[in-house]
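What follows is the residue order along each chain.
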Amino acid sequence: MRLDPVTLEILGNKVAAATEEMCFTLQRTGRTLYVKETADFACALAGVDGTFFAYPRSIGVSGFVALDCMPAIAAVGKLEPGDVILTNDPYRSVGLATHLPDLHLIAPYFHEGQIVAYGWTFVHCSDVGGRVPSSISPLNREIFQEGLQIPPIKLVRAGQMNEDVQLLFTANSRTPDANMGDIRAMLAALATGRRRVETLIAQHGVASFLAGQQDLLDYAAEKAQRVLRKVPEGTYRFTDFLDDDAISNLPIRLALAVTFREGTVHLDFTGTDPQVAAAMNVPSHGKPHAWLTLRILALINTLDPTAPLNAGLLRNVSITAPKGSLVNPEHPAAVGVRHAAAIRVNDLLNGAFGLALPDVMPAASGGVVVPLVVAEPTETGAQNVQVVEPMIGGTGARYGADGVDGRDSGISNLANNPVETVEAEIGVEILSYSLRQDSGGAGKWRGGCGLELSFRVLKDGAQVLGRGMERMKFRPWGVRGGEPGELTEFFVKSGAQNERRYGKIDVLGTERGDIITLRTAGAGGYGDPMEREPWRVHNDVRRGLVSLDAARTVYGVAIAADGVDEAETARIRADRPYRSPAHDYGPERGLFEQLFSADMLDRLNAALFRLPAARRAQRRTNIYNAILANLPGDFPSGPQVPTQPHRKRLLAEVEALEAETSTLSGA
Amino acid sequence: MIENSKGRHVRVGIDVGGTFTDFVLTDAANGDLAYFKEPSTPDEPSRAVVQGLANIVEKAGLSPADVELILHGTTIGLNAIIQRAGARIGLVVTSGFRDILEIARSRMPSSFDFRARKEEPLVPRDRIFEIDARFDPHGHLVRQPGKVALAELAGEISAAGLDAVALITMNGYANPQQEERIARALQDHLPNTAVTSAAHIWPEIREYERTLVACLNAYIQPLMQSYFARLENGLRELGTDAQIFVTASNGGSMSLGSAAARPVDTILSGPAAGVMAATRLAAAAKVPRIITFDMGGTSSDIAISSGAEPEFATRTEIGGLPLVLPVVAVSAIGAGGGSIIWVDDHVLKVGPRSAGADPGPVSYGRGGQSPTVTDAYLVTGLIDPNRFLGGRMALDRAAAKDALTSVAERIGLGDAVLAAAGALDVATAGMATELFKTLAQRGLDPSDFALMPFGGAGPTHANLLAHEAGIGRVVIPPAAGTFCALGAVTADLRRDFVRSLRIELDEESEQRLSETLTMLAEEGEAWLNAEGDLATSAEVSRAVDMRYAGQAYELRVNLDHLSDTPAHTAVAEAFHQEHERVYGFRDPVAPVQITTVRLAVIGRTPPVRLPILPTSSEPPVARSHRPVFLAGAWHDAAIYDRHVLRAGQSVNGPAVIEQEDTTVVVLPNWNANLDTSGNLHLIPSQQP
């Protein structure tokens, strides 16, 4: 360490506080949906190497601590005092921006003619043009449909706003005024950061300020390494699935081999599906990118909450993300809803880490974030758009503790909206917003319950948007004999009709009086439910989170009027069938993998990746469709079907592809 | 017994602390001010109150019958909430919202810790009942429970054996009278269970927060009511028929009857009373803007006060739960005297763990092994081991030094003194950083303020903090140890009223705003009249929460400079100006929305006369000298007794001024001057 232990502690606190002050400035002055409702913004301080040495802990998006500003900085050439860089381009900023609505600003902070730090801030703005309002749709096939791409450029030159850039930018947005409001708020945040850095240098000297940046990174890296050393060494493999890619019914496979060795961790995503022609790709550029490493940060922080939050935490992390895969797409892959894939990446890391640390890691969380949105026409012809509630599931059970019901901070720790403010802002009557009984995966420790939101549409011509509906096909898995959580469900009741079950929706037209109901997936359980202490089951029944019926059939606990019926419980539990202590992914995935087994999909993807990038997705689709064409339409959600003949067919397809690609080396 | 209360002139302020119950007595007849400390009786706090009152009136040569008014602060409610030891309550909610407390605002305490738990709900799910009652956002009743349904619900509640229930209906804030009617209808079936209507208690939009207000009220009400009854009995037996008032979280006070009906208004009265005392003293000393600095055993708190008014907050946290009632805004900024000094890899840390009072700092000799901030004061010579708490408790300096030596060794810092000084630097910088953040959120600059410390360690640390934060004046009041009791005895009557509107501000809505302000003023006046004849004058303070359409946060705009029925243009201009002041810009195009109307009614009580300190033109005489380690070096500091200092005298730093309940440290290049009210003013002697 370069600094003494007193100065380092003081400086560490001050720089972290400076980033929080930047966020306060931004939050108070920002005007748009994403700033106000979901705190989808952040501010930080980057060192001369472009990585963050200071990041806010209590406000803003917590997961972007691993972003790297340097490629964007390098792209604009020489910087002068008063310059501010703007970019939203995931490809040309090399993963700083990760979808186009995120506007990133970087300001160099000078001291006596030298750059001593960079201020960074981003806001998810309302619209940057493209095919659909708000610029984001899972159905976008290429980034060109997602809006204006802004490579790193100087928005402000020596304190003067670049009017040409502003003209071009505002001409390409449906919400130009709101965007400029966000940019002004971000500029104010960067100014706050600059003032704080100047004060810090005046108090401690520039040498200490620069040395402190390095020390803080080293300090975090050492702490992270110490935590990672506690993990039993070895390689752990895990796979998980997204229900589909939004444009087809085909599941997306994510595969990971994680290796812990001497305090380092390597993530190898080989076996993950090729990039998709929908907006779910995660533009990581093959780096230990923020969207691929959230769970590592959580692991380190859980085991050592004192580690400072900065880029040093990820110094010991390396990655293999095959080029052209879902987790390292090539231009012009669409990336608008990359967080949908990131949620499953989180599950994937969680599952793999759990094999190494079964007593630490929880079962799968609900694994969904669905901002259920209503858009209604107004008298002026414009649309009134309001998030009704950001819908999430619960958290997974872990050794020694039940999961959390109806809350999950795994991807983002969003506040919900008061029902009363929603009803004051838009024409809906919310009928229920509650925990969902029997949705949490049963286990010795129970998975957290999902949520139910039900509302009546009060105006004609309103649309409902439900992006991010996931876990409708493959359940949040349980571990060590714990059961998986219930699936996400979506229902619409229209007029006098009965409630109808829907699959995933993108945009749904409604009529006045329609009742919309979304139930999110429950989280996975941990351990055999028949081993759950009966008083806990009784408590859940009393609180209405587990039904009497489930208590008896799933947990083997008989409950009488005056409490647990001990004798009957003992009798049921004595007769219980054997339950495997393995992971339980649910019957749907079980059936799917009888046919599309892990070894077969590994071979298929290995062969696909030897094809030129442009041909992979279509070839994959053709192969899957060839197999699925002979199966029931609701496979694998329907009843058990014989899979043997289809396996043979799949093997034939894979072998043919392998033969065809044996001479190719891959892109 | 004296029949006419007008003839009496004695008031007593009382603050119940963990160790001592403090008393301040004022006698308007001769301007006397007396202080007294009675050991607290935590098992039954009213015993110490009654006993101490008997003692202080006797000490003042008076009888209990001479007392006109007793102002009393209590932490019973707060403790019950923090320890989750309140009543067995239930909650009745609109059907479909049984999980209002489980879901809350959906956030977890940490994004990065998968062992994080959510807060324990105040009412478990099996004691939450659904009722088919709700309003639309305009306050129209759209679903109403029938007689049979109400009776059935009452049956369920009875069977659950509850002490009290709270009722919350969706959008009830828009029609509090109607929700109250439903509550009364339910109450008719439940003679033995108090029913609280959330909209009646606090008709502000946001159902979760309003539910908590109602639940907290119900949760502490039985406890508080029985305490008040015992207190009143005890005092009457003593022979006083003085009016008994209770201090409130908003810095004011209310009658025993009001407090029994709305105990939730009193939860945070302790810190509020301290801030109010500081505010009064600052106004008397003509110091226009202060930051109060209360440094206790486990943490330090600040509050901002300007123009004789403290800042209020409508978003505080209590026992892990958000509270939206207006309270005197107090923010924690870091270490207290008991905060533990420790080493983490390469850095020296202070807190957040605290040794508390038991085992306490190493130097207390009660088994504490970890050095604390207090131990660091001792090792650097800032406090005298033989004069702590007026010499009632000898401290073990050698033990403190040993503990800090081991810290120094682990981190390569030379010796115990350097470790102690480093720890004080870390603690001070941490406090200053949080102070900056707190002020930055309000667009304020610390250098515009004076720092007014109180609490055990506040005066010891204040100069260090002021220096670090760029604050150019520290004002240390006399008798900082009985500050909260002083705050109680000087308290006005005060109650807050609220109504959420959600309207766009324009010509059409002007009338609606005026009507709402008038209605709230009438409610306030009715309340004040019912409180008795204590107040000598009445005032109202009006404010409106506003925002530009679509904006994230409301900004509170005071309307006291406008007429009682203000023009919409004037209200809008007040908002634009406030927005410009706080955020640096105004938006003349965007529509302005009103979300919530607020009114506080204040019944002023006669001001308390403070004693005048004799003046002296002689230089002050030091009692002794001792080495103190400040600003990186040892100094031979002069030591003074505060009680011998006179107005007009000046002490040059480095110096230490000792008094019964605390120690004042004066840094090198700072001076301490006494004014005629006994306040010590610390200012830099060399302006930079």
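Worth saying up front: this structure is predicted, and the values here are computed from it rather than measured. (Residues numbered from 1 in each chain as written. Chains lettered and ligands numbered in written order. Predicted model: local features only at pLDDT ≥ 70, side-chain atom pairs only at ≥ 80, totals over all residues.)

Core analysis: the biggest nonpolar cluster contains 398 residues, and Val 165, Cys 215, Ala 423 and Leu 451 of chain B have the highest contact counts within it. In contact with Val 165 of chain B, other than residues within four places in its own chain, are Ile 89, Gly 90, Leu 91, Val 92, Ile 157, Thr 193, Val 195 and Ala 218 of chain B. By size, the runner-up hydrophobic cluster in this structure holds 12 residues, among which are Leu 595, Ile 623, Val 654 and Leu 657 of chain A. (Core = buried A, V, L, I, M, F, W, Y, C linked by C-beta atoms within 7 Å. Buried ≥ 20, exposed ≤ 12 C-beta atoms within 10 Å, placed from the backbone. Contact = placed C-beta atoms within 7 Å.)

Within a sheet, adjacent strands bond to each other through the backbone by hydrogen bonds, running parallel or antiparallel. Residue and element names in this part refer to chain B. Ordered by their spatial adjacency, four strands build an open sheet running β6-β5-β9-β10, and the pairing between neighbours is parallel. Among the strands making up the open sheet, the edge pair consists of β6 (128-131) and β10 (194-197). Each adjacent strand pair in this sheet contributes to an overall mean axis angle of 25 degrees, direction not counted. The sheet contact formed by strand β9 (residues 164-168) and β10 spans four bridges and is parallel. Paired with Ala 166 across the bridge in β10 is Thr 196. Where helix α4 (residues 147-159) meets the sheet, its contacts fall on β5 (89-94), β6 and β9, and the angle it forms with β6 comes to roughly 175 degrees. Where helix α5 (residues 176-189) meets the sheet, it contacts β9 and β10, and its direction lies at approximately 170 degrees from that of β10. (Pairing = 2+ DSSP bridges. Helix = DSSP H or I, 4+ residues; strand = E, 2+ residues; numbered from the N terminus. Axes fitted to C-alpha atoms, helices over the stretch in contact; angles between N-to-C directions.)

Turning our attention to the interface of chain A and chain B. Listed as interface residues are 55 residues of chain A and, on the opposing side, 54 residues of chain B. Take the side of chain A that touches chain B: its biggest share by element is 14 residues, from helix α1 (residues 5-29) of chain A.

Residues and elements named next belong to chain A. Taken together, four strands build an open sheet; the order of strands is β13-β12-β16-β19 and the sheet is antiparallel. The open sheet is flanked by β13 (383-392) and β19 (507-509), the only strands paired with a single partner. Taken pair by pair, the neighbouring strands of this sheet meet at an average axis angle of 20 degrees, ignoring direction. Judged from the three bridges that link them, strand β16 (residues 463-465) and β19 form a sheet pairing that is antiparallel. Residue pairing in the sheet places Leu 465 in a bridge with Val 507 of β19.

With that out of the way, let us pick up the pairing of strand β5 (residues 114-124) of chain A. Put simply, side chains in a regular strand alternate between the two faces of the sheet. Of all 11 residues making up β5 of chain A, eight are buried, and the element is well covered by its neighbours. Between the end of strand β4 (residues 102-111) of chain A and the start of β5 of chain A, which pair antiparallel, lie two residues, with Glu 112 of chain A showing a positive phi angle near 50 degrees.

Here the domain parsing of chain A yields domain 1 (5-222), domain 2 (363-528 + 579-583) and domain 3 (587-661). At the interface, eight residues of domain 1 of chain A touch eight residues of domain 2 of chain A. (Domains from an automatic or database assignment.)

So, about unusual backbone geometry. Cis geometry is found at the peptide bond from Phe 635 of chain A to Pro 636 of chain A, where omega equals 0 degrees. Within the secondary structure, Pro 636 of chain A is located in the loop between α15 (613-628) and α16 (644-661). Following Gly 351 of chain B, the chain continues into Pro 352 of chain B via a peptide bond in cis, with omega recorded as 0 degrees. For Pro 352 of chain B, the location among the structural elements is in strand β22 (residues 347-354). Of note, His 285 of chain A is a non-glycine position whose phi angle comes to about 55 degrees, a positive value. Tracing the backbone through its elements, the reader meets His 285 of chain A in the loop between β10 (264-268) and α7 (290-303).

Attention shifts here to the confidence of the model for chain B. Residues and elements named next belong to chain B. For chain B, per-residue confidence averages 91 on the pLDDT scale, and residues scoring 70 or more make up 97% of the total. Highest mean pLDDT in chain B belongs to β5 (98); lowest belongs to strand β3 (residues 32-39) (82). Confidence drops under pLDDT 50 across residues 1-6; counting only partners more than four residues distant or on other chains, this segment forms six contacts. (pLDDT = per-residue confidence, 0-100.)

The next point concerns the domain arrangement of chain B. Residues and elements named next belong to chain B. Taken domain by domain, chain B holds domain 1 (5-80 + 225-266), domain 2 (83-219), domain 3 (493-604) and domain 4 (624-684). The straight-line distance from the C-alpha centre of domain 2 to that of domain 3 is 28 Å. Tallied by class, the residues present in the side of domain 2 that touches domain 3 amount to four nonpolar, no polar and one charged. (Nonpolar A, V, L, I, M, F, W, Y, C, P; charged D, E, K, R; others polar.)

On to the packing of helix α5 (residues 176-204) of chain A against helix α6 (residues 206-229) of chain A. Residues and elements named next belong to chain A. Two elements in contact, α5 and α6, have axes separated by 7 Å at closest approach and are oriented at 115 degrees. Taken together, α5 and α6 sit at an angle that is classed as roughly perpendicular. When α5 is examined against α6, the residues Leu 200, Ile 201 and His 204 are found in contact with a partner set consisting of Val 206, Ser 208 and Phe 209. The residue inventory of the contact of α5 with α6, partitioned by class, reads four nonpolar, two polar and no charged. (Parallel < 35°, antiparallel > 145°, perpendicular 65-115°, else oblique.)

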